[in-house]
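Residues per chain, in single letters:
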Amino acid sequence: MDKQTIYQHFRSEESPIIDELSSLMTQAATEYRPILTDFLNPREVYIAQTLLNTEPDLRMKTSGLFHKAERRRALFYPRYYEPNDADFELSLILVKYPTKFATLKHSQVLGALTNIGIRRSLIGDIVTDSERWQFVTATNMVNFLKLQVESIGKVKVHLEEVDKAEIIAPIDEWQNYQLTVSSLRLDTLIAGVYNLSRKHVKDLLGSGKVVLNWMNIEKPDVEVAEHDIVSVRGYGRFRLNELQGVSKKGKIRVKTDVLKK
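Report follows, based on the coordinates. All figures in this text were calculated on a predicted structure; none of them were measured in a lab.

**Description of the nonpolar core**
Grouped together as the largest cluster of nonpolar side chains are 25 residues, with contacts concentrated most on L186, I190, Y194, V230, F238 and V254. Counting residues per element, the ones that place at least two in this core are β10 (175-181), α6 (186-194), α7 (198-206), β11 (210-212), β13 (229-232), β14 (236-246) and β15 (252-260). Broken down by element, this core gets its largest block of residues, six residues, from α6. With sequence-adjacent residues up to four places away left out, I190 is seen in contact with N195, L196, V201, V210, V230, V232 and F238. Listed in part, the 23 residues of the second largest apolar core include A112, L122, W133 and M141.

Structure follows, in structure tokens:
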């Protein structure tokens, strides 16, 4: 698949990430050295893997520290290079707070980080084991974050860089869910996953409550592809993992992971 075909293979709004990843791969190939990306979401990793097919002399490895990390940094490198953990420049941050008197939510932690002006692409997964909270960030952002983040919501916090050996085992709240749908339209899948009426889904789209691959989408007829992640405010999010063929009645069998709110 050549690069022009790749543009046709993906959505037009994904052209900027295609250009960015392609440029980084070209840099790695022409300078004969490893090149590191910011954190990529699963769809962006999939795009990178597709682009890699046009660069036969390059390899790619990803890391996000946590097992099955959703957000990962990718390293593009020449075939002869042997990557190591240090190449990914990842740091593990523990959020210290009075656990006996306060609770935190994922959205609060993310909000505290992005409200200080840091790009989302510099933050990896944010996880909890029901009490402790940790997140991954680019190593060069650690000191800035420690100085800037003193509270999350109304809770006083202290960010502390900890050794990677202290990584917690996050609660896996994703649930496998298989269903059959008449099409891969965005509104059809949302209705099927959350058992909602098409009218309600239309209202959710129209009010800006639906995000596809971290981009607000209002068009109901956008087609969802494998590895896409859909977020619906008030309901949670789901990931389209696999297309499993067509039923005798002409319905499409899909395999998803669902994360309830």
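**Quick look at the packing of α6 against α7**
Between α6 and α7, whose axes approach to 9 Å, the crossing angle comes to 115 degrees. Of the two possible hands of crossing, α6 and α7 adopt the one that is right-handed. Within the contact between the two elements, α6 uses L186, D187, T188, I190 and A191 and α7 uses R198, V201 and L205. Each residue belonging to the contact of α6 with α7 can be placed in one class, and the counts come to five nonpolar, one polar and two charged.

**Thoughts on the sheet that holds strand β5 (residues 123-128)**
Spatially, the four strands line up as an open sheet ordered β5-β6-β4-β9, and their pairing is antiparallel. In this open sheet, the two edge strands, each paired with only one partner strand, are β5 and β9 (158-162). Looking at each pair of strands side by side, their axes are set apart by 25 degrees on average, direction ignored. Pairing analysis gives five bridges linking strand β4 (residues 90-96) to β9, with the strands arranged antiparallel. Residue pairing in the sheet places L94 in a bridge with E160 of β9. Relative to the sheet, helix α4 (residues 106-114) contacts β5 and β6 (133-138), its axis offset from that of β5 by approximately 150 degrees.

**Here's the deal with the side chain of T188**
Within the element layout of this structure, T188 appears in helix α6. You can call T188 buried: its relative accessible area is 9%. Residues within four places of T188 in sequence aside, it is in contact with V181, S182, S183 and R198.

**Regarding the pattern of salt bridges**
Any two side chains of opposite charge can pair, so long as their charged atoms come close to each other. Within the structure shown, the criterion is met by 14 salt bridges. For D257, the salt bridge goes to R239, with nearest N and O atoms at 3.1 Å. Of this pair, D257 sits in strand β15 while R239 sits in strand β14, and the two are 18 residues apart along the sequence. Given a relative accessible area of 17%, R239 falls into the buried group. Among the charged side chains, a salt-bridge network with shared partners connects E70, R237, R239 and D257.

**Some details on helix α3 (residues 42-52)**
Buried residues dominate α3, accounting for eight of its 11 residues. Every buried residue belonging to α3 is among R43, E44, V45, I47, A48, T50, L51 and L52, and all of these are buried. N-capping of α3 is provided by N41, with a side-chain oxygen placed 3.0 Å from the backbone N of R43.

**A closer look at the sheet that holds strand β1 (residues 35-40)**
Spatially, the three strands line up as an open sheet ordered β1-β3-β2, and their pairing is antiparallel. Taken across any chain shown, the strands that pair with only one partner, and hence form the sheet edges, are β1 and β2 (58-63). Strand-to-strand twist in this sheet, taken as the mean axis angle between neighbours without regard to direction, amounts to 20 degrees. Judged from the six bridges that link them, β2 and strand β3 (residues 72-78) form a sheet pairing that is antiparallel. Bridge pairing in β3 links T62 to A74. Packing of helix α2 (residues 15-31) onto the sheet brings it into contact with β1, β2 and β3, and relative to β1 it is tilted by some 160 degrees. Together, β1, β2 and β3 form the strand contacts of α3, whose direction differs from that of β2 by roughly 165 degrees.

Reading guide: rules and limits
Residues numbered from 1 in each chain as written. Predicted model: local features only at pLDDT ≥ 70, side-chain atom pairs only at ≥ 80, totals over all residues. Heavy atoms only, no water. Core = buried A, V, L, I, M, F, W, Y, C linked by side-chain atoms within 4.5 Å. Buried < 20%, exposed > 50% of the residue type's maximum accessible area, 1.4 Å probe, protein only. Helix = DSSP H or I, 4+ residues; strand = E, 2+ residues; numbered from the N terminus. Contact = heavy atoms within 4.5 Å. Axes fitted to C-alpha atoms, helices over the stretch in contact; angles between N-to-C directions. Left-handed = near helix turned anticlockwise from the far one by under 90°. Nonpolar A, V, L, I, M, F, W, Y, C, P; charged D, E, K, R; others polar. Pairing = 2+ DSSP bridges. Salt bridge = Lys/Arg side-chain N within 4 Å of Asp/Glu carboxyl O. Polar contact = N/O pair within 3.5 Å; in protein donor to acceptor, adjacent residues only side chain to side chain.

Read these as layout, nothing more, since geometry by itself doesn't imply function.
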